[in-house]
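# Structural overview for review
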Amino acid sequence: MIPEIIETYGVRLRPFRSEDAEDLATACADPLTQHFIHGMPSPYTEADARWWITEGAPSVRATGGAAYAIADVATDRLVGGAGMSQVVPTRRQAEVGYWVAPWARRRGVATAATRALAAYAFRSGLARLELLAHAENPASQRVALAAGFRQEGERRAVGRSRDGAPADLTAWVRLADDPDGPAARALPDLAGGRLTDGVVILRPLGPGDIDVMYRLHTLPEVVANQAPPVPPSRAAIERRCRTAECAWLTGAVARLLIVDAASGEPAGSCGLSYSAPAAGEGSVGYALSPGWRGRGYATRALRLLAGWAFGPVGMARLVAGTLPGNTASHRVLEKVGFRREGLLRGRLPGLDGTRIDDLVFGVLPEELR
């Protein structure tokens, strides 16, 4: 049985009280809270807050779940909410959720509350906790990682997108016998938030890069070197940019913008992903805008990316697949130390059912120039 009050990890989880109504209404009317919590009344009023305090939260507890106010330990002021729902006794499983008031964000409140709730949930006999997060909500996924949850996949169409349409949610899971500390990550954050050699800067791709990425990846010569050679839609590029941090956090791919250090202008993009995780093998890719080609920027960017892959990431080997006729890319790879390793015939899909050969280059840490 989970207790009425939990106080640990620097936070207090307690029942909602009538004096919380004003803070609760203000916090739940916040656009960010509204966007990521499905089913919340909009606009959220003080009357909604009082209903939750007197009826909503108690009913959750009465049906086997938990609904706590997160309170500041020093002042007891409401700073958020945390709870458990979707309890499945036969599986000893439940779903955890949380929200944080605008005045308490970026203080580790959600992580502390989630760790506290998980600890007592496991002590009460649960064996598995799920945490669902929007792919466009990297802050929530960072909470999951910091609280020891591991990414397990997606739950399709269980959330809502910005326009109200069904949306997939990323599923994070923690088991009772998982370690209490943060979950390990395949792709760590960049130290200082970027990589640079003084001439180029690599920084994580984000929602503000949609226009740049769409122009770059719809250029005919860039499309021609993709497989299949089909230009991406603007919607696809928008999703790529909005979910780039999620893809990084889950270990799927690290997408970066290549920026000119002197002017701050975007010059291209590059990416790193695991092609064979068990073997420690990663794969790289890159593209430059026309105005920045022929100036060594691709070589510099690839060298920085490879150094990060072999260093903090800990990869043992890198590969790059290219079209046999893309000699410009071959020269960039060879300047960084990659060697031609073989031609994989018909490996990639082309247009109208055709197949494309893939010329593969590889490099080991000691070969990096």
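Overview of the structure. (Residues numbered from 1 in each chain as written. Predicted model: local features only at pLDDT ≥ 70, side-chain atom pairs only at ≥ 80, totals over all residues. Heavy atoms only, no water.)

### Observations regarding the packing of helix α6 (residues 210-217) against helix α8 (residues 234-242)
Put simply, α6 and α8 touch, their axes get as near as 9 Å, and they point 130° apart. The pairing of α6 with α8 is recorded here as oblique in orientation. When the axes of α6 and α8 are compared, the crossing they make is right-handed. Residues Ile210, Asp211, Met213, Tyr214 and His217 of α6 pack against Arg234, Ile237, Glu238, Arg240, Cys241 and Arg242 of α8. Across the contact of α6 with α8, the residue classes break down as five nonpolar, one polar and five charged. (Axes fitted to C-alpha atoms, helices over the stretch in contact; angles between N-to-C directions. Helix = DSSP H or I, 4+ residues; strand = E, 2+ residues; numbered from the N terminus. Parallel < 35°, antiparallel > 145°, perpendicular 65-115°, else oblique. Left-handed = near helix turned anticlockwise from the far one by under 90°. Contact = heavy atoms within 4.5 Å. Nonpolar A, V, L, I, M, F, W, Y, C, P; charged D, E, K, R; others polar.)

### Description of helix α5 (residues 138-146)
If you check which residues of α5 are buried, you get Pro138, Ser140, Gln141, Val143, Ala144 and Leu145. At its buried positions, α5 is contacted by β5 (93-100), α4 (109-123), β6 (128-134), β8 (166-175) and α9 (244-249). Gly148 occupies a position one or two residues after α5 and carries a positive phi of about 90°. (Buried < 20%, exposed > 50% of the residue type's maximum accessible area, 1.4 Å probe, protein only.)

### A few points about the packing of aromatic side chains
How two aromatic rings sit relative to each other is set out by the distance from centre to centre and by the angle between their planes. What the rule picks out here adds up to four aromatic pairs. Geometrically, the ring pair formed by Phe16 and Trp52 is edge-to-face, given 6.2 Å between the ring centres and 80° between the ring planes. Separated by 36 residues along the polypeptide, Phe16 in the loop between β2 (11-14) and α1 (21-28) and Trp52 in helix α3 (residues 46-62) bring together distant segments of the chain. With relative accessibility at 11%, the residue Phe16 sits in the buried group. Residue Trp52 is classed as partly exposed on the basis of its relative accessible area of 25%. When the centroid spacing of 6.4 Å and the interplanar angle of 45° are considered together, the rings of Trp51 and Trp52 count as tilted. (Phe/Tyr/Trp six-rings, centres within 6.5 Å; stacked < 30°, edge-to-face > 60°.)

### Observations regarding the pairing of β6
Summarising burial for β6: six of the seven residues are buried, a large majority. Relative to β6, β5 is paired through four bridges, and the arrangement is parallel. Bridge pairing links Gln93 to Arg128 in β6. The β-α-β motif built from β5, the intervening α4 and the parallel element β6 has right-handed crossover chirality. When β6 meets β8, the two strands line up antiparallel, connected through seven bridges. (Pairing = 2+ DSSP bridges. Right-handed = clockwise from strand over helix to strand, strands pointing away.)

### A word on α4
Between its first and last C-alpha, α4 extends 21 Å over 15 residues, near the 21 Å set by a 1.5 Å rise per residue. The element α4 is extensively covered by neighbouring structure, given that twelve of its 15 residues are classed as buried. Among all positions of α4, only Val109, Ala110, Thr111, Ala112, Ala113, Thr114, Ala116, Leu117, Ala118, Ala119, Ala121 and Phe122 are buried. Gly125 sits one or two positions beyond α4 and adopts a positive phi of about 115°. (Expected span 1.5 Å × (residues − 1).)

### Focus: the sheet that holds strand β14 (residues 317-322)
A sheet is described by the order of its strands in space; here eight strands give the open sequence β9-β10-β11-β12-β13-β14-β16-β15, paired in mixed fashion. Every other strand in the sheet has two partners, leaving β9 (195-196) and β15 (339-349) as the edge strands with one partner each. Where strand β10 (residues 200-204) meets strand β11 (residues 254-260), five bridges bridge the pair, whose relative direction is antiparallel. Directly across from Arg203, in β11, lies its bridge partner Leu257.

### Describing unusual backbone geometry
In this structure, Pro43 follows Ser42 across a cis peptide bond, with omega equal to 0°. Structurally, the position occupied by Pro43 is in the loop between α2 (31-36) and α3. Geometrically, the link from Ala227 to Pro228 is a cis peptide bond, its omega value of -5° lying close to zero. Mapping Pro228 onto the fold places it in the loop between α7 (220-224) and α8. Backbone geometry at Asp352 places phi at a positive 55°, although glycine is not the residue there.

### Brief notes about the pairing of β15
Where β15 lies against strand β16 (residues 355-363), seven bridges are found, and the strand directions are antiparallel. Paired with Leu344 across the strands is Asp358, a residue of β16.

### Examining the sheet that holds strand β1 (residues 6-8)
Strand pairing in a sheet relies on backbone hydrogen bonds, with the paired strands running either antiparallel or parallel. A sheet is described by the order of its strands in space; here eight strands give the open sequence β1-β2-β3-β4-β5-β6-β8-β7, paired in mixed fashion. Each having just a single partner strand, β1 and β7 (150-160) make up the two edges of the open sheet. Across the sheet, the mean angle separating the axes of adjacent strands is 25° when strand polarity is ignored. Of the strand pairs in this sheet, β1 and β2 are connected by three bridges, and their pairing is antiparallel. Residue pairing in the sheet places Thr8 in a bridge with Val11 of β2. Of the strands in this sheet, β3 (66-71) and β4 (78-88) touch α3, which is tilted by about 125° from β3.

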